[in-house]
Amino acid sequence: MNSSICALDSQYKTQTVERPGVRVPTGHVLVNKKWKNTKLLTFFENVNVLYEEQLGVVDFRPSSDTAVVYVSEADLINGSSYKRKLAKLRKVNSVRGVVVVEKTPASQQYFAALQKFAVLDLGLAVVPVSSQQEAGPFISQIVRRIIKNTYMYSFLK
């Protein structure tokens, strides 16, 4: 299958685009423009944010080979909207898919179904968080870990 996917999602009127060779600068995170001016971004720590309109179903790109989809409490409770996003994320062969999920007391009963679908059916990593306040530092930590790995590997060359 071609790693370049371009499919129109008629329900959400969004275009899913994965361009081969997307490069995320070290220390930066690409953020889907729909997240601009949201509370979640106020919790990012020590990372530079670059807004991108053509991330499709992807919410955040902390590195060139990692894509994050954020499933809110409301999305988890509603159930069907996240499944399409995760299936499209899985089709992109050039990235590791990470699903960050708001697991709260209200959404806890729906979490097992999402986890089964994402991990067992699609092979994606799932990270439960209690709120956007916890999600921001987690995504920032991915970026910082990549900086650390890049720095360490530069000495091995």
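Since this is a predicted model, take the numbers as computed values, not measurements. (Residues numbered from 1 in each chain as written. Predicted model: local features only at pLDDT ≥ 70, side-chain atom pairs only at ≥ 80, totals over all residues. Heavy atoms only, no water.)

Further remarks concern the confidence of the model for the protein. Overall, the predicted model of the protein reaches an average pLDDT of 81, with 80% of residues at or above 70. This stretch, residues 1-15, has a pLDDT under 50; its non-local contacts, to residues over four places away or in other chains, come to 25 contacts. (pLDDT = per-residue confidence, 0-100. Contact = heavy atoms within 4.5 Å.)

Read across the sheet, six strands follow the order β4-β3-β5-β6-β7-β8 without closing on themselves; strand pairing throughout is mixed. Each having just a single partner strand, β4 (48-52) and β8 (125-129) make up the two edges of the open sheet. Direction aside, neighbouring strands of the sheet carry axes that sit 25° apart on average. In terms of strand pairing, strand β5 (residues 60-63) meets strand β6 (residues 66-71) through two bridges, oriented antiparallel. By the bridge assignment, F60 is partnered in β6 with V68. Most of the contacts of helix α3 (residues 108-121) go to β8, to which it runs at about 155°, and overall it touches β6, β7 (96-102) and β8. (Pairing = 2+ DSSP bridges. Helix = DSSP H or I, 4+ residues; strand = E, 2+ residues; numbered from the N terminus. Axes fitted to C-alpha atoms, helices over the stretch in contact; angles between N-to-C directions.)

Taking 1.5 Å of rise per residue, the 14 residues of α3 would be expected to cover 20 Å, and the 20 Å separating its terminal C-alpha atoms lies within 8% of that figure. Turning to α3, its buried residues are F111, L114, F117 and A118. Where α3 terminates, the next one or two residues include G123, which has phi positive at roughly 75°. (Expected span 1.5 Å × (residues − 1). Buried < 20%, exposed > 50% of the residue type's maximum accessible area, 1.4 Å probe, protein only.)

Moving on: the side chain of S63. Position of S63 among the secondary structure elements: in strand β5. For S63, a relative accessible area of 5% translates into the label buried. Of note is the side chain of S63, whose polar atom sits 2.8 Å from the side chain of D65. For S63, the side chain forms a polar contact with the side chain of T66, separated by 2.9 Å. (Polar contact = N/O pair within 3.5 Å; in protein donor to acceptor, adjacent residues only side chain to side chain.)

This part covers the environment of V100. Following the sequence through the fold, V100 ends up in strand β7. For the pair V100 and S72, spaced 28 residues apart in sequence, the C-alpha separation works out to 8.5 Å. When sequence neighbours within four positions are dropped, the list of residues in contact with V100 reads V68, V69, Y70, V71, V127, V129, A135 and F138.

Turning our eyes to something else, we now look at helix α2 (residues 80-91). Regarding α2, the residues found buried are S81, Y82, K85, L86, K88 and L89. Buried positions in α2, seen along its axis, are confined to an arc of 160° and lie on one side of it. (Arc of directions from axis to C-beta.)

This part covers the pairing of strand β3 (residues 28-32). Looking down a regular strand, the side chains alternate between one sheet face and the other. With five of five residues buried, β3 lies mostly within the body of the structure. Side chains of β3 alternate between two faces, with H28, L30 and N32 and V29 and V31 buried alike. In this structure, β3 lies alongside β5, joined through two bridges in antiparallel fashion. Along β5, the bridge assignment pairs V31 with F60.

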